[in-house]
Amino acid sequence: MKKALVCGAGGFIGGHLVKKLKNEGYWVRGVDIKEHEFCESAADEFVVLDLREPANCERALLVDEGPFDEVYQLAADMGGMGFIHSAECEIMRNSALVNVHMVHYAATSGAKRYFFSSSACVYRDMTTDEPELSEEEAYPAMPDNEYGWEKLYAERMAMAYGRKFGMEVRIARFQNCYGPEGTWTGGREKAPAALSRKISLADEPGTIEVWGDGTAMRAYTFIEDMVAGIYMLMQSDHAEPTNIGRREYVSVDELVQTIAEVAGKPVNIEHIDGPVGVKARNFLNDKIHELGWESKFSLKDGMSRTYPWVKAQAEAQKNAE
Ligand code: NAD
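In short, a report on the structure.

Analysis parameters
Residues numbered from 1 in each chain as written. Predicted model: local features only at pLDDT ≥ 70, side-chain atom pairs only at ≥ 80, totals over all residues. Heavy atoms only, no water. Helix = DSSP H or I, 4+ residues; strand = E, 2+ residues; numbered from the N terminus. Rg over C-alpha atoms; globule rule 2.2 N^0.38 Å. Buried < 20%, exposed > 50% of the residue type's maximum accessible area, 1.4 Å probe, protein only. Lys, Arg positive; Asp, Glu negative; His and termini not counted. Charge placed at Lys NZ, Arg CZ, Asp CG, Glu CD. Salt bridge = Lys/Arg side-chain N within 4 Å of Asp/Glu carboxyl O. Pairing = 2+ DSSP bridges. Axes fitted to C-alpha atoms, helices over the stretch in contact; angles between N-to-C directions. Contact = heavy atoms within 4.5 Å. Expected span 1.5 Å × (residues − 1).

1. Digging into the overall build of the chain
So, point 1. For the chain, the helix and strand inventory stands at 10 helices and 12 strands.
So, point 2. A compact globule built from 321 residues should have a C-alpha radius of gyration of about 20 Å, and the chain, at 19 Å, falls within 12% of that.
So, point 3. Its C-alpha atoms give the chain principal-axis dimensions of roughly 60 × 45 × 40 Å.
So, point 4. Out of the 321 residues belonging to the chain, those deemed buried represent 55%.
So, point 5. Of the charged side chains in the chain, 35 are positive and 51 negative, and the gap between their average positions amounts to 3 Å.

2. Regarding the pattern of salt bridges
So, point 1. One pass over the structure, following the stated rule, counts 18 salt bridges.
So, point 2. The salt bridge partner of Asp44 is Lys22, with a shortest N-O separation of 2.9 Å. Here the residue Asp44 occupies a position in the loop between strand S2 (27-32) and strand S3 (45-48), and Lys22 occupies one in helix H1 (residues 12-23), the gap between them amounting to 22 residues.
So, point 3. For Glu315, the salt bridge is made with Lys311, and the minimal N-O distance between the two is 3.5 Å.

3. Thoughts on the sheet that holds S2
So, point 1. Across the sheet, which stays open at both edges, the seven strands sit in the order S3-S2-S1-S4-S5-S6-S10 with parallel pairing between neighbours. Strands at the two margins of the open sheet, each flanked by one partner only, are S3 and strand S10 (242-244). Pairwise comparison of adjacent strand axes, ignoring direction, gives a mean angle of 20 degrees for this sheet.
So, point 2. When S2 meets S3, the two strands line up parallel, connected through four bridges. Residue pairing in the sheet places Asp32 in a bridge with Val48 of S3.
So, point 3. Relative to strand S5 (residues 113-119), helix H4 (residues 88-109) is tilted by about 160 degrees, and along the sheet it contacts strand S1 (3-7), strand S4 (70-73) and S5.

4. Some points on the side chain of Ser251
So, point 1. Position of Ser251 among the secondary structure elements: in strand S11 (residues 249-251).
So, point 2. The class of Ser251 is buried, set by a relative accessible area of 10%.

5. A few points about helix H10 (residues 299-320)
So, point 1. Spanning 22 residues, H10 covers 31 Å between terminal C-alpha atoms, matching the ideal 32 Å at 1.5 Å per step.
So, point 2. Tucked inside the fold, the buried residues of H10 contact strand S7 (176-178), helix H6 (191-201), strand S9 (217-222), S11 and helix H8 (252-263).

From the geometry alone we can't say anything about function, so treat these as descriptive.
Now the structure itself:
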């Protein structure tokens, strides 16, 4: 039986990835600085560890009949645009410490494969009608935020360790990912969850506040598609960073309309000042498609599975107040 370590298993994508690896027949250890907030972890073993500490990275990698066949590094101090712009130092310090130590101890423990979760935030700001960027066009680098710079450094570090220690390294640059069992309130939530919460709590007919002028263009990938892509990439021989995302671009206002449709609840939008991020980010997904990956969930399909979950959380919290 293959053994996998999932760092960040108490988080959104890591939690879903553990379920996927269990379905694929792995023995899985999950590690996170906290327990999963929304479900019991499907991991065979779940250990609470602060991976900024080198000794904890060593401990996470220590396993009977080791080393680990696969290490998935998804632990990061992270959140949506509001968090990315207000917690630059925390992101640059905490995520860098986790990445620096995890890759070192994974390589020196003899782990065979190492996956690193990078982000579309490594790309520069774009205009809406620009052609999509390939992975190589992340350079010359000009990420729009510090989160993106930290990801680029961690990518390079993972590749350097791969070269020196003969560890197979796979790097995915994720597009915005959404789905049930992700952060939906508290300041770290991303747009699909935040807007679902606002719509679920809005009066009927109601108005919700949206950061920016609503024209920024984005694409969103449903969690089931994302974990399928992560697994496919990890099993592949694609050693270079690889984008994973669905090619369905919508403006922020169109995202609101899609969620409102799914909710069956028309809403008015009041645009207010707030951190929006880049104007557009269009990137090519040819490499992941070459592996046979296809996104199965349209934005509407994915939101139909996400909105009811966020609504249930928001209503439960409201009733508890
Ligand atoms: P998340 O915040 O739900 O999960 C990250 C997990 O890392 C959290 O559970 C957190 O507790 C854990 N963590 C943070 N600091 C830690 C530490 N010191 N020690 C141990 N665990 C620690 O975020 P997510 O959406 O699941 O993202 C997973 C990865 O994917 C991250 O690296 C993120 O940057 C990347 N990513 C996510 C998206 C997205 O849209 N969700 C997009 C691009 C990249």
